Amino acid sequence: GAGVSQSPRYKVAKRGQDVALRCDPISGHVSLFWYQQALGQGPEFLTYFQNEAQLDKSGLPSDRFFAERPEGSVSTLKIQRTQQEDSAVYLCASSLATGKRNQPQHFGDGTRLSIL
Amino acid sequence: EDQVTQSPEALRLQEGESSSLNCSYTVSGLRGLFWYRQDPGKGPEFLFTLYSAGEEKEKERLKATLTKKESFLHITAPKPEDSATYLCAVQGNSGGSNYKLTFGKGTLLTVNP
């Protein structure tokens, strides 16, 4: 079956530009997550959605970062006025509803963002 | 705050040479420990979930075990196609968030033919 799909795979932007990264989760997955992965590091949590509700945005680095999932399916991570330190791989993951025994999160292949 | 430390950072093995990767963790109320495999340019691929100390899971040449402080990923008779970065992550109950994964930095495994 189809996995988590992210687009674009690569994005190059000039400092100060706005970017939008898209995530198509696995069909039927209620939970959606965004992570940021720097080179040589493990992914770090950014934000969490349950259906269309953003329940946790504690990992977003600044108010330049904004995420939405308006219809409870596709999600977009937007970064305004990009800075060089925003350069990283942005990973999206989805899972069945969290509950008593958490289901594994399944990841897309990420968007590699480079800020010049 | 949940913490995960993986060792070694990098490991080179000859084909057929068995070894183990370590994941030490501190977490407030473990809900699950997850192992992922990540190939260059790809996202993490789910391997195993372990929920309680003493639990073991196996898949082909891989076996994951869990204690109250650490997890091991044992690789038996590895093949070159097992070369990848192996990531360990925990889910805990700290701060009321029982869903976020806290990852280690990973172990880069290279298996030479």
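Residues numbered from 1 in each chain as written. Chains lettered and ligands numbered in written order. Predicted model: local features only at pLDDT ≥ 70, side-chain atom pairs only at ≥ 80, totals over all residues. Heavy atoms only, no water.

J.: Looking at this structure, how should I read the sheet that holds strand β1 (residues 3-7) of chain B?
T.: Within a sheet, adjacent strands bond to each other through the backbone by hydrogen bonds, running parallel or antiparallel. All names here are of chain B. Read across the sheet, five strands follow the order β1-β3-β8-β7-β6 without closing on themselves; strand pairing throughout is antiparallel. At either margin of the open sheet sits one strand with a lone partner, and together these are β1 and β6 (56-59). Neighbour-to-neighbour, the strand axes of this sheet turn through a mean angle of 15°, independent of strand direction. Sheet analysis places β6 next to strand β7 (residues 62-66), joined by four bridges and oriented antiparallel. Among the inter-strand pairings, E58 is bridged to a residue of β7, identified as K63. (Pairing = 2+ DSSP bridges. Helix = DSSP H or I, 4+ residues; strand = E, 2+ residues; numbered from the N terminus. Axes fitted to C-alpha atoms, helices over the stretch in contact; angles between N-to-C directions.)

J.: Where do I start with the interface of chain B and chain A in this structure?
T.: Bring the parts together and some accessible area is lost; that lost area is often taken as the interface size. Contacts between the two partners involve 21 residues from chain B and, on the opposite side, 26 residues from chain A. The largest contributions to the chain B side of the interface with chain A come from Y51, Y99 and K105 of chain B, which together make up 30% of the buried area. Run the count over chain B and chain A and you get two salt bridges. Between K100 of chain B and D56 of chain A there is a salt bridge whose closest N-O contact spans 3.9 Å. Elements that contribute at least two residues to the side of chain B that touches chain A include exactly β4 (32-38), β5 (45-50) and β9 (84-91) of chain B. (Contact = heavy atoms within 4.5 Å. Buried area = accessible area lost by both parts, 1.4 Å probe. Salt bridge = Lys/Arg side-chain N within 4 Å of Asp/Glu carboxyl O.)

J.: Can you walk me through the state of the cysteines in this structure?
T.: Such a bond, covalent and formed between the sulfur atoms of two cysteines, is termed a disulfide. A complete count under the given rule lists two disulfides over all chains for this structure. Between the sulfur atoms of C23 of chain A and its disulfide mate C92 of chain A the distance is 1.9 Å. Because the torsion about its S-S bond is -65°, the bridge between C23 of chain A and C92 of chain A counts as left-handed. Highlighted residues: C23 of chain A in strand β3 (residues 19-24) and C92 of chain A in strand β9 (residues 88-95), separated in sequence by 69 residues. Here C23 of chain B engages in a disulfide with C88 of chain B; their sulfurs sit 2.0 Å apart. Here the S-S torsion is close to -65°, and the disulfide linking C23 of chain B with C88 of chain B is therefore left-handed. One end of the pair, C23 of chain B, is in strand β3 (residues 19-26); the other, C88 of chain B, is in strand β9, and 65 residues separate them in sequence. Given a relative accessible area of 0%, C23 of chain B falls into the buried group. (Disulfide = S-S within 2.5 Å. Buried < 20%, exposed > 50% of the residue type's maximum accessible area, 1.4 Å probe, protein only.)

J.: Please explain the sheet that holds strand β1 (residues 5-7) of chain A as it appears in this structure.
T.: All names here are of chain A. The four strands lie next to each other as β1-β3-β8-β7, forming an open sheet whose pairing is antiparallel. Whereas interior strands pair on both sides, the edge strands pair on one side only; in this sheet they are β1 and β7 (65-68). Pairs of neighbouring strands in the sheet enclose a mean axial angle of 15°, with direction left out of account. Both β3 and strand β8 (residues 75-79) contribute to a ladder of five bridges, which runs antiparallel.

J.: For this particular structure, what's the right way to read the packing of aromatic side chains?
T.: How two aromatic rings sit relative to each other is given by the distance of their centres and the angle of their planes. Tallying each qualifying case throughout the model produces 12 aromatic pairs over all chains. Centre to centre, the rings of F33 of chain A and Y48 of chain A are 4.9 Å apart; their planes meet at 15°, and the pair counts as stacked. Here Y48 of chain A lies in strand β5 (residues 44-50) and F33 of chain A lies in strand β4 (residues 31-37), a separation of 15 residues in the sequence. Relative accessible area serves as the criterion here: at 0%, F33 of chain A is assigned to the buried category. Both rings, one in Y36 of chain B and one in F103 of chain B, keep their centres 5.9 Å apart while their planes meet at 50°; by these two values the pair is tilted. With Y36 of chain B in strand β4 and F103 of chain B in strand β10 (residues 102-103), this residue pair connects regions lying 67 residues apart in the sequence. (Phe/Tyr/Trp six-rings, centres within 6.5 Å; stacked < 30°, edge-to-face > 60°.)

J.: I keep staring at the side chain of T82 of chain A and nothing clicks. Help me out?
T.: Residues and elements named next belong to chain A. Structurally, the position occupied by T82 is in the loop between β8 and β9. A residue is classified by how much of its surface remains accessible, and T82, at 0% relative accessible area, is buried. Leaving out residues up to four positions away in the same chain, T82 has contacts with K14, R15, G16, Q17, V19, R64 and I115.

J.: Sorry if this is basic, but what is going on with the environment of Q36 of chain A here?
T.: All names here are of chain A. Examined against the element boundaries, Q36 turns out to sit in strand β4. The class for Q36 is buried, based on a relative accessible area of 18%. Taking C-alpha positions, Q36 is 9.5 Å from S87, a pair spaced 51 residues apart along the chain. Leave out the neighbours within four places in its chain, and Q36 touches G42, P43, E44, L46, D86, A88, V89 and Y90. A distance of 2.9 Å separates a polar atom in the side chain of Q36 from a polar atom in the side chain of Y90. (Polar contact = N/O pair within 3.5 Å; in protein donor to acceptor, adjacent residues only side chain to side chain.)

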